[in-house]
Amino acid sequence: MSTRTVCCFPGQGIQRVGMCADLFDRFPEETTLASEVLGYSIRDLCLHGPAEKLADTRFTQPAIYVANALAWRSRRPDFEPAGALGHSLGEYNALEAAGVFDFATGLRLVRDRAAATARCTAGGMLAVVGPTTEQLRELLRRAGLDGVDIANLNSRRHQVLAGPDEELSAAARELAAAGARVVTRLAVSGPFHSRYMRSAALEFQHAFDGLTFAEPEFPVWSNRTARPHTSADTARLLVDHLTHPVRWRECVSAVLDEGAAEFVEVGESTVLTSMIRHIRAEREEGGDDGDRY
């Protein structure tokens, strides 16, 4: 059986001052175009920050999109991908790589997405490692924490919760008492991929007015459905994704269900590579190991 190469693009959280320092001079046209679209120097932001500005989601999301896009261009001559995945924001890079829209269109969408989501600041996110998704849902139900959503399903025992601050704090106490291995608040400005992003989704949907998309040149699995995008459903899925979880584990499993695959993470990050390694191990182990967190 031949092994397919599937490219993976990371999302928010990988930003750092000095990111992709070697790429701006290699791709001056994209760098100049990005700065024109954004109205500020993307090169200066990425190379010099300050860190507080780069951590502001209004600037984080465009910076990561540009960094991923330049990193993709530096890798593109090396192989012909059989598909692509993107984690949350990274899905825009996967779609751009597959020719669904061009670099500037993708950046404008990301810019508008960042602006809309930045206005939803009532809450945050909590990373949880240990309980399975089923165990986590049951714990939240027993604790009466019905205002908390599961926002990222990264692997069977790695989830991220989103919701109001008070309920997240209560969930953290319950999880620690139940023996979860990791319970960590994330440094994000709001409860992404949850019901609390409805106003952002309503605002963001207007960014797609008048746009048409091409069919992907290779499959891009949607975070929303864990199935490949088509040009007809891409706009709806990207809007819906603001209020629904990142189904990363299911996306990776869908790729693996189609046969042998080598996943290549684009850029400097290894966070997706680590997640995929855990998903592969979980699939090989199979079954459930009871109540152990």
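Residues numbered from 1 in each chain as written. Predicted model: local features only at pLDDT ≥ 70, side-chain atom pairs only at ≥ 80, totals over all residues. Heavy atoms only, no water.

Novice: Which residues make up the sheet that holds strand 6 (residues 182-185), and what values do they have?
Specialist: Spatially, 4 strands are ordered 4-5-3-6 in an open sheet, and the strand pairing comes out antiparallel. Sheet topology places strand 4 (149-155) and strand 6 at the edges, where each strand pairs with a single neighbour. Direction aside, neighbouring strands of the sheet carry axes that sit 20° apart on average. Pairing geometry for strand 3 (residues 124-129) and strand 5 (residues 158-163), over 6 bridges, is antiparallel. Bridge pairing in strand 5 links A127 to V160. In this fold helix 12 (residues 271-285) packs onto strand 4 and strand 5, with an angle of close to 80° to the strand it touches most, strand 4. (Pairing = 2+ DSSP bridges. Helix = DSSP H or I, 4+ residues; strand = E, 2+ residues; numbered from the N terminus. Axes fitted to C-alpha atoms, helices over the stretch in contact; angles between N-to-C directions. Contact = heavy atoms within 4.5 Å.)

Novice: Pulling in residues and values, what's your account of the packing of helix 4 (residues 57-75) against helix 6 (residues 103-118)?
Specialist: The geometry of a pair of packed helices is captured by two quantities: the angle between their axes and the separation between those axes. Between helix 4 and helix 6, the shortest axis-to-axis distance is 7 Å and the interhelical angle comes to 155°. One way to sum up the angle between helix 4 and helix 6 is to call them roughly antiparallel. For the pair helix 4 and helix 6, the crossing hand works out as right-handed. Of the residues in helix 6, those in contact with T57, R58, Q61, P62, Y65, V66, A69 and R73 of helix 4 are F103, G106, L107, V110, R111, R113, A114, T117 and A118. Residues belonging to the contact of helix 4 with helix 6 are distributed by class as follows: 9 nonpolar, 4 polar and 4 charged. (Parallel < 35°, antiparallel > 145°, perpendicular 65-115°, else oblique. Left-handed = near helix turned anticlockwise from the far one by under 90°. Nonpolar A, V, L, I, M, F, W, Y, C, P; charged D, E, K, R; others polar.)

Novice: Go over the pairing of strand 4 with me, naming the residues and quoting the values.
Specialist: In regular strands, side chains alternate between the two faces of the sheet. Extensive coverage of strand 4 is indicated by the burial of 7 of its 7 residues. In terms of strand pairing, strand 4 meets strand 5 through 5 bridges, oriented antiparallel. Note on strand 5: the bridge partner recorded for L153 is Q159. In textbook terms, the turn of a hairpin is the stretch between consecutive antiparallel strands, and for strand 4 and strand 5 this stretch comprises 2 residues. (Buried < 20%, exposed > 50% of the residue type's maximum accessible area, 1.4 Å probe, protein only.)

Novice: Which residues make up the side chain of T31, and what values do they have?
Specialist: Considering the arrangement of structural elements, one finds T31 in helix 1 (residues 28-38). Within polar-contact distance, the side chain of T31 engages the backbone oxygen of F27 at 2.9 Å. With residues near it in sequence (within four places) discarded, T31 still touches F24, I42, R43 and L70. (Polar contact = N/O pair within 3.5 Å; in protein donor to acceptor, adjacent residues only side chain to side chain.)

Novice: Give me the lowdown on the environment of L153, citing residues and values where you can.
Specialist: Mapping L153 onto the fold places it in strand 4. Not counting chain neighbours up to four residues away, the residues in contact with L153 comprise T133, R137, H158, Q159, P245, V246, R247, W248 and R249.

Novice: Give a description of the packing of aromatic side chains that names residues and reports values.
Specialist: Considering all chains together, one arrives at 7 aromatic pairs under this definition. Their ring planes at 65° and their centres at 6.3 Å tell us that W72 and F79 sit as a pair that is edge-to-face. Side by side, W72 and F79 carry an identical accessibility label, which is buried. In this structure an aromatic cluster arises from ring pairing among F101, F204, F208 and F213. Above the plane of the ring of Y40 lies K53, whose end atom (NZ or CZ) is 5.6 Å from the centre. The positively charged end of K53 is found above the aromatic ring belonging to F59, 4.7 Å away from the centroid. (Phe/Tyr/Trp six-rings, centres within 6.5 Å; stacked < 30°, edge-to-face > 60°. Lys NZ or Arg CZ within 6 Å of the ring centre and 35° of its normal.)

Novice: Kindly report on the sheet that holds strand 2 (residues 83-86), identifying the contributing residues and their values.
Specialist: Read across the open sheet, the 3 strands follow the order 2-1-7; overall the sheet is parallel. Only two strands of the sheet have a single neighbouring strand rather than two, namely strand 2 and strand 7 (261-265). Taking the axes of each pair of neighbouring strands and ignoring which way they run, one obtains an average angle of 25° across the sheet. The pairing of strand 1 (residues 4-9) with strand 2 spans 4 bridges and is classified as parallel. Opposite C8, over in strand 2, you have L85 as the bridge partner. Contacts from helix 5 (residues 90-97) reach strand 1 and strand 2, with the element oriented near 160° to strand 2. This element, helix 12, spans strand 1 and strand 7 of the sheet and lies at about 155° to strand 7.

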